[in-house]
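# Overview (structure and organization)
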2 protein chains.
Amino acid sequence: MIHHGSYDVAPWEVCERTLDLDVLAQSESVFALSNGHIGLRGNLDEGEPFGLPGTYLNGFYETMPLPYAEAGYGYPESGQSVVNATNGKIIRLLVADEPFDLRYGRLSRHERTLDLRAGTLTREVEWTSPTEDTVKLRTTRLVSFAQRAIAAIEYIVEPIDTPLRIVVQSELVANEPLPRTEGDPRGAMLQGALESERHGTHELRAILVHRTRSSELRMAAGYDHLADSAHDLQTASQSEPDFARTTLSAQIEPGSPLRLIKFIAYGWSARRSMPALRDQVSAGLAEAKHTGWDDLMRLQREYLDDFWERADVVIGGEPRLQQALRFGMFHVLQSGARNEGRAIPAKGLTGSGYDGHAFWDTETFVLPMLIYALPAAARDALRWRHSTLDKAQHRAEQLGLEGAAFPWRTIAGEECSSYWPAGTAAFHVNADIANSAARYINATGDDGFIDDCGGELLVQTARLWRSLGHHDSSGSFRIDGVTGPDEYSAVADNNVFTNLAARRNLLDAADTVEHSPELAHALGVDAEEAAAWRDAANAMTIPYDEALGVHPQSEGYTDHAPWDFERTPPDAYPLFLHYPYFDLYRKQVVKQADLVLALAMFGDRFTAEEKARDFAYYEPLTVRDSSLSACTQAVIAAEVGHLDLAYAYMTEAALMDLDDLEHNSRDGVHMASLAGAWVAAVVGFGGMRDFGGELTFMPRLPDQLTRLRYRLGFRGRVLEVVVTSKQATYTLHSGEPLKVLHHGEEIEISETDTVERPIPHLRPGKRPRQPPHREPFGARGVG
Amino acid sequence: MIHHGSYDVAPWEVCERTLDLDVLAQSESVFALSNGHIGLRGNLDEGEPFGLPGTYLNGFYETMPLPYAEAGYGYPESGQSVVNATNGKIIRLLVADEPFDLRYGRLSRHERTLDLRAGTLTREVEWTSPTEDTVKLRTTRLVSFAQRAIAAIEYIVEPIDTPLRIVVQSELVANEPLPRTEGDPRGAMLQGALESERHGTHELRAILVHRTRSSELRMAAGYDHLADSAHDLQTASQSEPDFARTTLSAQIEPGSPLRLIKFIAYGWSARRSMPALRDQVSAGLAEAKHTGWDDLMRLQREYLDDFWERADVVIGGEPRLQQALRFGMFHVLQSGARNEGRAIPAKGLTGSGYDGHAFWDTETFVLPMLIYALPAAARDALRWRHSTLDKAQHRAEQLGLEGAAFPWRTIAGEECSSYWPAGTAAFHVNADIANSAARYINATGDDGFIDDCGGELLVQTARLWRSLGHHDSSGSFRIDGVTGPDEYSAVADNNVFTNLAARRNLLDAADTVEHSPELAHALGVDAEEAAAWRDAANAMTIPYDEALGVHPQSEGYTDHAPWDFERTPPDAYPLFLHYPYFDLYRKQVVKQADLVLALAMFGDRFTAEEKARDFAYYEPLTVRDSSLSACTQAVIAAEVGHLDLAYAYMTEAALMDLDDLEHNSRDGVHMASLAGAWVAAVVGFGGMRDFGGELTFMPRLPDQLTRLRYRLGFRGRVLEVVVTSKQATYTLHSGEPLKVLHHGEEIEISETDTVERPIPHLRPGKRPRQPPHREPFGARGVG
């Protein structure tokens, strides 16, 4: 765990002032740079020590067999795992015969700064070698938003006291040895996954081409350099199959630093030939070199200025939370910015956690932010889903279903979950995708997307639901034997979240084909089929426990034994590491918001009283052994008036990685939780709802926050909402006038009319308690 | 599939008149010999061709890791698999330089006969070699019921026309190459599982000692021979680590056959040293040799005479069914006769199917026959369970439960099921064991067993149930999230079979400790604990669907969509090979009797009308993709008056292996189905019930049977029931007078008074239909 206070509190940067090798892996995740296309972990320039070396290329993976002691029909036979690609960020340094290695010598300064506006990671070091030679090093790294195949490093080294012989070795390394993880046979399978196809150097440039052994994906990685002409540099380049190195050596004087720019480029493909990829990378390097370091930096900042201008969320009163919120938004931006046609994995490209897979997280937690903050990235993420539709249709056919069954976890579209009760059975992912597409359409009015992708996503998922459910003898439509969001339950009947999500999906599909006869025709939807979707949606079973006055998460859930929290020691969390699934599944204990997620996502289907009662019922059962819970609990806590609790949950979501709350940030940051902090702010305290495409607001701040300002893109508009404890102010920065609701009252906002409205008072019920030892992190006074 | 007519119909033997190499593996299972301690598949003496070479020693297994792509708490890490032990039955033959191999030359006669009264497998061959030399071979094989470590072979070879040089090579072979089974990584792991510790020969004797690589079990295998002194035999013996051979050669004249007796002995242990096991086998051989072939044959027949005298079931009208019934009883006898302290696996010792594991089958299907036919074998099988109690208690603790949680599948007592929804969650195995123990106690009055084993089995399983269930707010006792007998459902609430089985278990445990305060004290049961068992039993939830007037298999079951049988093609059975579990689990389709098994096992908890309605409801849903179903359906079909249907089911159960109905008899015979044929006869048409230890009868014959006679051991008595279409006759052959019910009327039977009673007429409802293509085998006119 990174101890509280590791990073300075600052509005626009995350700065680490000392180097703690014990938390190196975590800081590598925090300091990871990515543009959604390529991702570099915040590894030290000189390559080691490291926590987990990582260079990731979106969609570049290896396949491996999934083992089963007892196989079953439809079990996926092959898994996919993100591969640590050729490492281009290594720059080693020799100072008067002593290798620059922080484990030796004396470190008088070591600062790393992630600049959220510049989009760079800067490192400043002052180090005295074991032989008492002192150098200053300053490096700046970026992964370009402007040129998606390019990363670049500015490397500046300077002796402090006396002239020194300096040797800089800039490298490409393939098949880096990874740390052994106990009990991880897949890790072993990934070692040496890259087979060399070509290597070569030319002047200060080198390119390595490799291919993955089993998935047969080809990758080219290359570098080129610009070096000062001021020094009398000796240079040499050499390459081997898994290795390329350019060496620069010179005698350097104090006050006359050596400055080197390294451009790194990647290209990868399942189809393109070795020469084609080699030349692609070479061209990318030429372009980057032509652009130059200064212009790459300028373009980087312009891209971010534009993003923050349109999407920044400002909070008053809690600088640390402000920092965490922007840090999270920055990582979400990095995950989606240039992911054109590829997935947004659960960890983005910041680590190899979850094998680099994308889950329902993307559509449910990440896209809600991107839709309003960077709609093009949301569109591209949905386009990626659409590009895997053939695989999802094949999977549905294999499962005996109509339409499309998207995978629970995947890189390339094939189902990679080997444990079907928490994979295949979690069909809600299909509605999550469809509902996210509908939300994108509603928020952007992007009709072209409907025709290209969105309509087909809605239709094929609606077909799935219609074939997955059935009418019972009373005419109710049931969806039996599925797993909802809560992973401590599985294979249950009529999960409320799933049924409401499917209902929305069915209605949106029916509406879409009704409004577009061409689309209906193209997809073969006739009036009978659309009517059957509406019928199923309108007859959807939503179980309710009359005796308790609450919604059971799934049918019969409230009859199950409550988990014995009193006999569960604090160190027995997360529960799934200490108790069998069979026991978790059969008892009332919630890993992550499920019914409460339904309250948030389908809030128009519940009364305020129902929300309050349901939230009060599920809070004492919800242990948050998943990072996908706190943000949702924040939203509903805020809605029902438990603002202090909502604040605690938002804090937990936002600090997930900066404070390493789940002790696994080493594997990559928790993209959904970081996006969830935005959700907690904008949807929770900001009160923004978009059910069925109608924007409504019911903002309300906790005592800890003096002010909240957020901006949303909505159908070509930029809308700003400023909330204080007393009032909300709605401003339209651009676009057509818009009618919205403020706490139920219709208001019209235009570029000329800023609207102010008071915040009505809400008297909440008794503050619900969480399970023992499971109060939110933010409630423990850390925020 | 063995085609109908492969075996001659005869009352006391199974005779194959021609050799069909295509079904060799099946016939090896059918002709397997065993005494429950060691088992020899019916492989040809000369070793090849073979379908599956097999020599099995009860409890001799190898361990291997169980792989998981996604691991979970409490998943078993290690599996167990029966090992093909050192093969001692090989006797090769060289006829004037030509190896005796049925794939070459000309076979003018090949008969194999399994004699159900002699307990032998006899083979008669007349073969002309490719060089036109003709020999007659007659071999007889037995696995001794009298000397459990011993098998023996009489081997007689004779030239027909001219004197011939004959070489007989009698062998021991360890680590035999096994046929490769596709997609069976465990098979590969078992190759070469035996590591040699010692080998040696002395005169005509040889012993090999091996140890399994991972489980570290030691095994000694040895042979010795007696040969005719009439011939001028040259003999030689040699051994290697995996191999021993004794060669006998002579010039043999027509009319003066060479006769050789081979004695084979085995010893195995996890603890005993190499010298100890070596000497144990040597002593066994000495004893067998001292006994001699004739006396081994005589003792074998005496053992079987006694068994058939006490347990034979005679049916009139259907000779083929009579044969199948006795064949089945013979195999069940073989599986249990001398299994002292070890398990009865699902395949007995006839094949390596299911890895040689024992399941709930033993207690639920096999023991009901053994309890009345060979109670000592039933007792020993239950003693084996008791011997694994420490492992079951450890497992319960691991699962967070009280008492004992017996494994779903195992050889040595550890859970070996890697798929928890159909393994760990199938808790009913614990009640199956307890209820079987109670049945044994009731049927035998074996009080010593209560004190030694039975009481503790009842108490520890009762503790499990009490901790597994809970009271809901209305005071009903629920058992949620468990899997019942039907493997096409899983992880459901309040499975009727499970709840009734647990209820019986709880009540029997409470009664037992009430009647034995010493036992209660020894096991730490106080009055409160026993009362809590009774309370739970009496408050047990038994769901009922009022609208349909039937019992749902589990709560909510009847709301699920019915399986779409119309769209299921005939070649899509068994369904689990063609449809995913998720889909099977969520629909109404029954793999094997579950609610109907509850009707049979806990028939006193249902009215006649309920049974008729429930049976009618479940018949069209039950596909019998398991061999554990037909016998139970026979019992209830008979009870509700569908006698013709019951007859078809009995036929299916009885012919499971003789006709290879499930196309997998090659892996071993289906012990539960074979025992189930006895159940169908005695419990089904014989109408015998023993709920709570009270013997009752409601016999009724189908038109196909003219007569049924069966004998039961009951508390020291031998009771005979003869049933015709008109009447039942009850005779006591030995023991105290006994009161029983005949169709509800109390009658008293004594050695002096045979009682005759008429069979009351029963008008059944409409004959229920089975799913399309799934009518019982016996209904298709094959019986």
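Residues numbered from 1 in each chain as written. Chains lettered and ligands numbered in written order. Predicted model: local features only at pLDDT ≥ 70, side-chain atom pairs only at ≥ 80, totals over all residues. Heavy atoms only, no water.

### Description of the overall build of chain A
Filter applied, for reference: For the purposes of this entry, the term helix denotes a DSSP run of H or I that reaches at least four residues, the term strand denotes a run of E that reaches at least two, and both are numbered from the N terminus. Restricting the calculation to C-alpha atoms gives the radius of gyration, and the globule rule supplies 2.2 Å times the number of residues raised to the power 0.38. Relative accessible area decides the class of each residue, using a 1.4 Å probe on protein chains only: under 20% of the type maximum gives buried, over 50% gives exposed, and in between gives partly exposed. In what follows, residue pairs with any heavy atoms lying within 4.5 Å of each other are defined as contacts. Here the accessible surface of atoms and residues is derived via Shrake-Rupley with a 1.4 Å probe, and residues count as covered only by protein chains that are part of the display. His is not counted, nor are the chain ends, whereas Lys and Arg count as positive and Asp and Glu as negative. Each charge is placed at NZ for Lys, CZ for Arg, CG for Asp and CD for Glu.
In terms of regular secondary structure, chain A is built from 18 helices and 33 strands. The C-alpha atoms of chain A give 27 Å as radius of gyration, which agrees with the globular expectation for 783 residues (28 Å, within 12%). Projected onto the principal axes, the alpha-carbon positions of chain A cover approximately 85 × 60 × 55 Å. Buried positions account for 65% of the 783 residues belonging to chain A. Here the contacts in chain A between residues at least 6 apart in sequence split such that 67% fall between residues at least 24 apart. Approximately 26,600 Å² of chain A is accessible, and the part contributed by carbon and sulfur atoms is 47%. Here chain A contributes 75 positively and 112 negatively charged side chains, and the mean placements of these two sets differ by 2 Å.

### Some remarks on the interface of chain B and chain A
The test is simple: Summed over both partners, the accessible area (1.4 Å probe) lost when two parts come together is defined as the buried area. Should a side-chain nitrogen of Lys or Arg be within 4 Å of a carboxyl oxygen of Asp or Glu, the pair is scored as a salt bridge. The definition of a polar contact used here is a pair of N or O atoms within 3.5 Å, where within protein one atom must be able to donate a hydrogen and the other to accept one, and adjacent residues in sequence count solely through side-chain atom pairs. Ten residues, namely Ala, Val, Leu, Ile, Met, Phe, Trp, Tyr, Cys and Pro, are considered nonpolar, four, namely Asp, Glu, Lys and Arg, are considered charged, and the remaining ones, Gly among them, are considered polar.
The partner chain A presents 43 residues to the 43 residues of chain B that form the contact. Interface of chain B and chain A: buried area, both sides summed, is about 3,500 Å²; carbon and sulfur atoms make up 54% of it. Between chain B and chain A we count four salt bridges in total. Where chain B meets chain A, there are 16 residue pairs in polar contact (both at pLDDT 80 or more). The leading source of residues in the side of chain B that touches chain A is helix 13 (residues 581-585) of chain B, at four residues. Here the side of chain B that touches chain A is built from residues that sort into 23 nonpolar, nine polar and 11 charged.

### Re the relation of the copies chain B and chain A
Selection rule: Least squares is used to superpose the copies, and the fit set is the C-alpha atoms of residues whose pLDDT is at least 70 in both copies.
For these two chains of identical sequence, chain B goes onto chain A by a turn of 180° and a shift of 0.0 Å along the axis, with RMSD 0.0 Å. Taken together, the rotation angle and the small translation identify this as a two-fold axis. Counting the interface residues of chain B, we find that 98% of their copies in chain A are interface residues as well, pointing to one common contact surface.

### Considering the pattern of salt bridges
Per the stated rule, a full pass over the model turns up 120 salt bridges over all chains. Of the charged contacts, one joins A:Arg379 and A:Asp380 as a salt bridge, the two residues approaching to 3.3 Å between their closest N and O atoms. Linking B:Arg259 and B:Glu154 is a salt bridge whose minimum nitrogen-to-oxygen distance equals 2.7 Å. Taken as a pair, B:Arg259 in strand 20 (residues 258-269) and B:Glu154 in strand 13 (residues 150-159) lie far apart in primary sequence, 105 residues in all.

### Section: the sheet that holds strand 32 (residues 745-749) of chain A
As a reminder of what qualifies: Pairing between two strands requires that DSSP report at least two bridges joining them.
With respect to topology, four strands assemble into an open sheet ordered 26-27-31-32 (chain A), the strand pairing being mixed. Whereas interior strands pair on both sides, the edge strands pair on one side only; in this sheet they are strand 26 (688-689) and strand 32 of chain A.

### A word on the sheet that holds strand 12 (residues 134-143) of chain B
Residues and elements named next belong to chain B. Here we have 10 strands laid out as an open sheet, ordered 1-2-10-11-12-13-20-17-16-15, and antiparallel in their pairing. The sheet terminates laterally at strand 1 (7-8) and strand 15 (194-202), the two strands that pair on one side only. Where strand 10 (residues 106-115) and strand 11 (residues 120-128) come together, nine bridges link them in antiparallel fashion. Bridging across to strand 11, arginine 109 finds its partner in glutamate 126.

### Things to note about the environment of A:Pro254
By the element assignment, A:Pro254 lies in the loop between strand 19 (243-252) and strand 20 (258-269). Accessibility expressed as a relative area gives 29% for A:Pro254, which makes it partly exposed.

### Some points on helix 15 (residues 608-618) of chain B
Helical geometry: 3.6 residues make up each α-helical turn, so side chains three or four residues apart lie on a common side. Residue and element names in this part refer to chain B. Here is the rule: It is the directions from the helix axis to the C-beta atoms that the arc portrays.
Residues Glu610, Lys611, Asp614, Phe615 and Tyr618 constitute the buried set of helix 15. Along the long axis of helix 15, the arc covered by the buried residues comes to 125°, so they all point the same way. Summarising the geometry of helix 15, the exposed residues directed more than 90 degrees from the buried face are Ala608 and Glu609. The elements touched by buried residues of helix 15 are helix 14 (595-601), helix 16 (630-639) and helix 17 (643-655).

### Let's talk about the side chain of A:Asn58
Structurally, A:Asn58 is set in the loop between strand 5 (55-57) and strand 6 (61-65). With residues up to four places along the chain from it excluded, the contact list for A:Asn58 reads A:Gly36, A:His37, A:Trp268, A:Asn339, A:Arg342, A:Ala343 and A:Leu349.

### A short note on the confidence of the model for chain A
Detailed reading of the predicted coordinates is not advisable wherever pLDDT is low. For clarity, the cut-off: The predictor rates its confidence in each residue with pLDDT, a number between 0 and 100.
With 98% of its residues at a pLDDT of at least 70, chain A reaches an overall mean of 95. Model confidence for the complex: the whole-complex pTM is 0.94, and ipTM, which rates the interface, is 0.91.

### Side note on unusual backbone geometry
A:Pro49 follows A:Glu48 through a cis peptide bond whose omega is 0°. Tracing the sequence through the fold places A:Pro49 in the loop between strand 4 (38-40) and strand 5. For the peptide bond that leads from B:Tyr573 to B:Pro574, omega is -5°, which places it in the cis range. Here B:Pro574 lies in the loop between strand 24 (561-562) and helix 13. Phi at A:His743 takes a positive value of approximately 45°, unusual for a residue other than glycine. One non-glycine residue, B:Glu132, lies in positive phi territory at about 70°.

### Remarks on the packing of helix 3 (residues 274-311) of chain B against helix 4 (residues 319-336) of chain B
All names here are of chain B. What counts is decided by this rule: Angles shown run from 0 to 180 degrees and are taken between the N-to-C directions of axes, each axis being a line fitted to C-alpha atoms and, for helices, limited to the stretch in contact. Here is the rule for angles: anything less than 35 degrees is roughly parallel, anything more than 145 is roughly antiparallel, 65 through 115 is roughly perpendicular, and the remaining ranges are oblique. Left-handed describes a crossing in which the near helix is turned anticlockwise from the far one by less than a right angle; the clockwise case is right-handed.
The N-to-C vectors of helix 3 and helix 4 enclose an angle of 120°; their axes lie 12 Å apart at closest approach. Comparing the axis directions of helix 3 and helix 4 gives the class oblique. The interaxial crossing formed by helix 3 with helix 4 has right-handed handedness. Between helix 3 and helix 4, the residues in contact are Tyr303, Leu304, Phe307, Trp308 and Ala311 and Arg326, Met329, Phe330 and Leu333, respectively.

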